[in-house]
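Residues per chain are reported as follows:
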Amino acid sequence: MSQHYLHEVEPPVAPLARPVVAFMTDFGLVDGYVGVMKGVVLGIAPGVQLLDITHSIAPQDIFTGAWVLGTSYRYFPKGTVFVCVVDPGVGSARRPVVLHAGNWFFVGPDNGLFGYVLAEEVLHEVVALSNPVYHLPQVSSTFHGRDVFSPVAAHLALGVSLTTVGTAIDPSSLESLPIARATRQGERVTASIVHVDQFGNLITNIPLALVPELFNSSTIQLTFTTSNVIITERSRFFAGASGNERAKLPFIYGDSSGYVAVAVCNDNAARILGIDRGTDCVLLIMK
């Protein structure tokens, strides 16, 4: 993630007047999983506020979950406890953990889901959730979101310390996420697609801060090297690419997450261009 998102870290976080517990999962809303997790939290801490980032992460898609969390958490109040469950390894040897990173707390599986958060924030403390007193009495091997993560989050929201709910572990032992970084040499930026949103917009790993002349240079060219797709159109906003013969051409814009991205006005750029997450690209900026 880009440096312009780094925070001034204030030790330690003061409790909120009304604590916030926020959820992000790949559970969807068809089944009762999300509602049950919220019920567990409220049964332990009835005064908390419950918020959602999303429950529409594709099943078992840790990379997308990490990206969505990494571009969302900073907009929540300091002291928010996040319950994050994209957990294909539930019930296995993977560790349930809680992190105090920056001004927030993150509860979930140690599988790389917190990779972008850890790349941005100072990690104050991390524990494995080893104290069964703070779990539900019966712990399923397939639903730690309900039986472990939600009750722990509720107790944290009430002010219980991390060392009470678990055992301190070496931060270097946390599972890492292979985060690709864009690199710039002169006019050439080597990058890749790190996220495709639900509109089919293609988000690169090029921070806007790395290319301040994006909209002021005479010519730009984004090339997807595997398919030789070349994009030269630019627009500062979606409507700016509509209303003329160029309306269906893919264009480069600055995404709200702070990265260079590609869209097609009122259409799906990923489908039209045949490009998905992980595709390499090169941005040339000619003055």
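To start, this report covers the structure provided alongside it. (Residues numbered from 1 in each chain as written. Predicted model: local features only at pLDDT ≥ 70, side-chain atom pairs only at ≥ 80, totals over all residues. Heavy atoms only, no water.)

Description of the overall build of the protein chain
Consideration 1: Along the backbone of the protein chain there are six helices and 16 strands.
Consideration 2: Against the 2.2 N^0.38 benchmark of 19 Å for 287 residues, the protein chain shows a C-alpha radius of gyration of 21 Å, consistent with a compact globule.
Consideration 3: Overall, the protein chain is about 60 × 40 × 35 Å in size when its C-alpha atoms are taken along their principal axes.
Consideration 4: Out of the 287 residues belonging to the protein chain, those deemed buried represent 53%.
Consideration 5: Across the protein chain, contacts joining residues at least 24 apart in sequence account for 68% of those joining residues at least 6 apart.
Consideration 6: Approximately 13,000 Å² of the protein chain is accessible, and the part contributed by carbon and sulfur atoms is 54%.
Consideration 7: Within the protein chain, the 23 negative side-chain charges are centred at a point lying 5 Å from the centre of the 17 positive side-chain charges. (Helix = DSSP H or I, 4+ residues; strand = E, 2+ residues; numbered from the N terminus. Rg over C-alpha atoms; globule rule 2.2 N^0.38 Å. Buried < 20%, exposed > 50% of the residue type's maximum accessible area, 1.4 Å probe, protein only. Contact = heavy atoms within 4.5 Å. Areas by Shrake-Rupley, 256 points an atom, 1.4 Å probe, with all protein chains shown as cover. Lys, Arg positive; Asp, Glu negative; His and termini not counted. Charge placed at Lys NZ, Arg CZ, Asp CG, Glu CD.)

Some words on empty space enclosed by the protein
Consideration 1: Tallied over the full model, the rule gives one cavity of 30 Å³ or more.
Consideration 2: Of the voids in this model, the largest cavity is the one considered here, and its volume is about 40 Å³.
Consideration 3: If you go around the largest cavity, the residues you meet are Leu-99, Pro-109, Asp-110, Asn-111, Gly-112, Leu-113, Phe-114, Gly-115, Leu-118, Leu-174 and Glu-175.
Consideration 4: When the residues that make up the lining of the largest cavity are grouped by side-chain class, the tally is six nonpolar, three polar and two charged. (1 Å grid on protein atoms, 1.4 Å probe; cavity = no way out; pocket = protein on both sides within 12 Å on 5 of 7 lines; lining within 4 Å. Points joined across faces, edges and corners; volume = space filled by probe spheres on them. Nonpolar A, V, L, I, M, F, W, Y, C, P; charged D, E, K, R; others polar.)

A closer look at the pattern of salt bridges
Consideration 1: Throughout the structure, instances matching the rule amount to eight salt bridges.
Consideration 2: Residue Arg-95 is joined to Asp-110 by a salt bridge in which the shortest nitrogen-to-oxygen separation is 2.8 Å. Separated by 15 residues along the polypeptide, Arg-95 in the loop between β3 (81–85) and β4 (96–101) and Asp-110 in the loop between β5 (104–109) and α3 (115–120) bring together distant segments of the chain.
Consideration 3: Given the relative accessible area of 7%, Asp-110 is considered buried.
Consideration 4: Among the ionic pairs, Arg-271 bridges to Asp-267, the shortest N-O distance being 2.8 Å. (Salt bridge = Lys/Arg side-chain N within 4 Å of Asp/Glu carboxyl O.)

Here's the deal with the sheet that holds β3
Consideration 1: Here seven strands make up an open sheet; going across it, the order is β2-β1-β3-β5-β4-β6-β7 and the pairing mixed. The open sheet is flanked by β2 (49–54) and β7 (167–168), the only strands paired with a single partner.
Consideration 2: Examined bridge by bridge, β3 and β5 share three bridges and lie parallel to one another. Residue pairing for β5: Val-83 is matched across the bridge by Val-107. (Pairing = 2+ DSSP bridges.)

Observations regarding helix α1 (residues 33–44)
Consideration 1: Taking 1.5 Å per residue as the helical rise, α1 with its twelve residues ought to reach 16 Å, and the 17 Å between its terminal C-alpha atoms agrees with that figure.
Consideration 2: Considered for burial, the residues of α1 that qualify are Val-34, Met-37, Lys-38, Val-40 and Val-41. The buried side chains of α1 occupy one side of the element, clustering within an arc of 155 degrees when seen end-on.
Consideration 3: For α1, the elements touching its buried residues are β1 (20–25), β2, β3 and α4 (144–157). (Expected span 1.5 Å × (residues − 1). Arc of directions from axis to C-beta.)

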